[in-house]
Amino acid sequence: MKKIDAYTHFCPLGFIDFLESSLGGQSHVFRKLFSTTPTLTNLDLRLQLMDKHGIDMHVLVPLPWIESTPTIHVDAKLTDQAAKLCNDGLYKIVSAHPERFMGVAILPTTNPEIMIAEFERAINELGLVGAVIFVGPTVTRGDDHSYEALYQRATELGVPLWLHPCRPGNYPDYIDESKSEYLLWQTLGWLMDTSSAMVRLVFSGVFQRYPQLKLITHHHGAFIPLFAKRMQE
C-alpha cells in the first residue's frame, strides 16, 4: 500500500526569483520561510525527508501564490509568465521522479481566458494532476463568476482543484489597526478563509451546476468539521 501525501508544498526557485524581480531589490515575504525550511525548495532534501518518514509520493502544491506579489499580479502577461515558470518547474520535477511526485498547477487568475489556457496546458501538455486556487479576503472570491469556466473545465477533465487560504499578515483583524497581531492572520485567519470559501461555494450553487467537481481543502477542512451541525441549523 502506497503512502501518498496529497497536500504538500514546494517552490521552484526560479518562480520565487521571478516574483522577487518586481520588488525593487526587496526580498519576497516567503523568502525567509524558504531559507529556514530548505525542504520547500531543495528536491534532494525533500526526497530524504520522504524516505525518512516512509512516504512514497508527494503531491506538490506550489507556494507562494502569485497574488502575494501585486506588482506581478496586476499585469496579466506577467502573471501568465509567472504561472508558466512555476508549472514548467514542477513538470521537470515530476518528469524526473514520476514515482515520487505529482504536480499541481498554479494559475494566472488576473485574466479568465489566460487562466483557462494555462490550466489546460498544465493538464493536457504537462500532465499535472490539477490546479490550486487561493482564497481569502484580499483575492478573488472562490464563488466569483470569473472562476465559472474553471469549474466547468475541471469537471470536464475530471481533475481536482486544491483550495489554499492566502490572507496576508498586513491584513488587519480590526479596522483601527494596520496589520494582524499575534499571527492571527495565519493561525485562525487561514482557517476562516478556507471555511468561508467552502460555504460560499456550496450556497452559491457551484455544486448544483457542477456536481462532479472535485475540491481538496487544506488544514483538515478548517472549521467545517467542527461546526457542521451548527451550520446545518
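Residues numbered from 1 in each chain as written. Predicted model: local features only at pLDDT ≥ 70, side-chain atom pairs only at ≥ 80, totals over all residues. Heavy atoms only, no water.

Trainee: Just give me the short version of the overall build of the protein, but keep the residues and values in it.
Mentor: When helices and strands are tallied, the protein shows 11 helices and seven strands. On the principal axes, the C-alpha backbone points of the protein span a range of 50 × 40 × 40 Å. Considering only intrachain contacts with a sequence separation of at least 6, the fraction spanning at least 24 residues in the protein is 75%. Here the protein has roughly 12,200 Å² of accessible surface; of this, 57% comes from carbon and sulfur atoms. Within the protein, one finds 20 positive and 25 negative side-chain charges whose respective centroids are separated by 5 Å. (Helix = DSSP H or I, 4+ residues; strand = E, 2+ residues; numbered from the N terminus. Contact = heavy atoms within 4.5 Å. Areas by Shrake-Rupley, 256 points an atom, 1.4 Å probe, with all protein chains shown as cover. Lys, Arg positive; Asp, Glu negative; His and termini not counted. Charge placed at Lys NZ, Arg CZ, Asp CG, Glu CD.)

Trainee: Talk me through the pattern of salt bridges; I want residue IDs and the actual numbers.
Mentor: Enumeration over the complete set of coordinates arrives at 15 salt bridges. Measuring nitrogen to oxygen at the nearest pair gives 2.9 Å for the salt bridge that ties Asp80 to Lys84. Highlighted residues: Asp80 and Lys84, both in helix H5 (residues 76-96), separated by four residues, approximately one helical turn. With relative accessibility at 17%, the residue Asp80 sits in the buried group. Between Arg153 and Glu120 there is a salt bridge, and its shortest N-O distance comes to 2.4 Å. Taken together, the residues span a long stretch of sequence, with Arg153 in helix H7 (residues 148-157) and Glu120 in helix H6 (residues 112-125) at a distance of 33 residues. (Salt bridge = Lys/Arg side-chain N within 4 Å of Asp/Glu carboxyl O. Buried < 20%, exposed > 50% of the residue type's maximum accessible area, 1.4 Å probe, protein only.)

Trainee: Break down the sheet that holds strand S4 (residues 105-106) for me, with residues and values.
Mentor: If you trace the four strands from one edge of the open sheet to the other, you get S4-S5-S6-S7, paired in parallel fashion. One side of each edge strand has no neighbouring strand; the edge strands of this open sheet are S4 and strand S7 (215-217). Direction of pairing for strand S5 (residues 131-135) relative to strand S6 (residues 161-165): parallel, over a ladder of five bridges. By the bridge assignment for S6, Ala131 is matched with Leu161. (Pairing = 2+ DSSP bridges.)

Trainee: Pulling in residues and values, what's your account of the packing of aromatic side chains?
Mentor: To describe a pair of aromatic rings, you give the distance between the ring centres and the angle between the ring planes. Tallying each qualifying case throughout the model produces seven aromatic pairs. With centroids separated by 5.5 Å and ring planes inclined at 45°, the aromatic side chains of Trp65 and Phe134 adopt a geometry described as tilted. Taken together, the positions of Trp65 in the loop between strand S2 (57-62) and helix H4 (70-73) and Phe134 in strand S5 put the pair 69 residues apart, joining distant regions of the chain. Side by side, Trp65 and Phe134 carry an identical accessibility label, which is buried. Note on Phe223 and Phe227: the rings are 6.3 Å apart at their centroids and 70° apart in plane angle, and the pair reads as edge-to-face. Every member of this aromatic cluster is reached through a ring pair, and the members are Phe30, Phe34, Trp65, Phe134, Trp185 and Trp190. (Phe/Tyr/Trp six-rings, centres within 6.5 Å; stacked < 30°, edge-to-face > 60°.)

Trainee: Before we move on, could you go through the environment of Ile106 and cite the residues and values that matter?
Mentor: Tracing the backbone through its elements, the reader meets Ile106 in strand S4. Owing to a relative accessible area of 1%, Ile106 belongs among the buried residues under this scheme. Along the backbone, Ile106 and Ala83 are 23 residues apart, and their C-alpha atoms lie at a distance of 5.8 Å. Discounting chain neighbours no more than four positions away, the residues touching Ile106 are Phe15, Pro62, Pro64, Trp65, Ile66, Ala83, Cys86, Asn87, Glu118, Val132 and Phe134.

Trainee: Could you give an account of the packing of helix H1 (residues 13-20) against H5, with specific residues and numbers?
Mentor: For the pair H1 and H5, interaxial distance at closest approach is 8 Å and the crossing angle is 160°. On the basis of the axis angle, H1 is roughly antiparallel to H5. Crossing handedness for the pair H1 and H5: right-handed. Judged by residue contacts, Gly14, Phe15, Phe18 and Leu19 of H1 engage Leu78, Gln81, Ala82, Leu85 and Cys86 from H5. Here the contact of H1 with H5 is built from residues that sort into seven nonpolar, two polar and no charged. (Axes fitted to C-alpha atoms, helices over the stretch in contact; angles between N-to-C directions. Parallel < 35°, antiparallel > 145°, perpendicular 65-115°, else oblique. Left-handed = near helix turned anticlockwise from the far one by under 90°. Nonpolar A, V, L, I, M, F, W, Y, C, P; charged D, E, K, R; others polar.)

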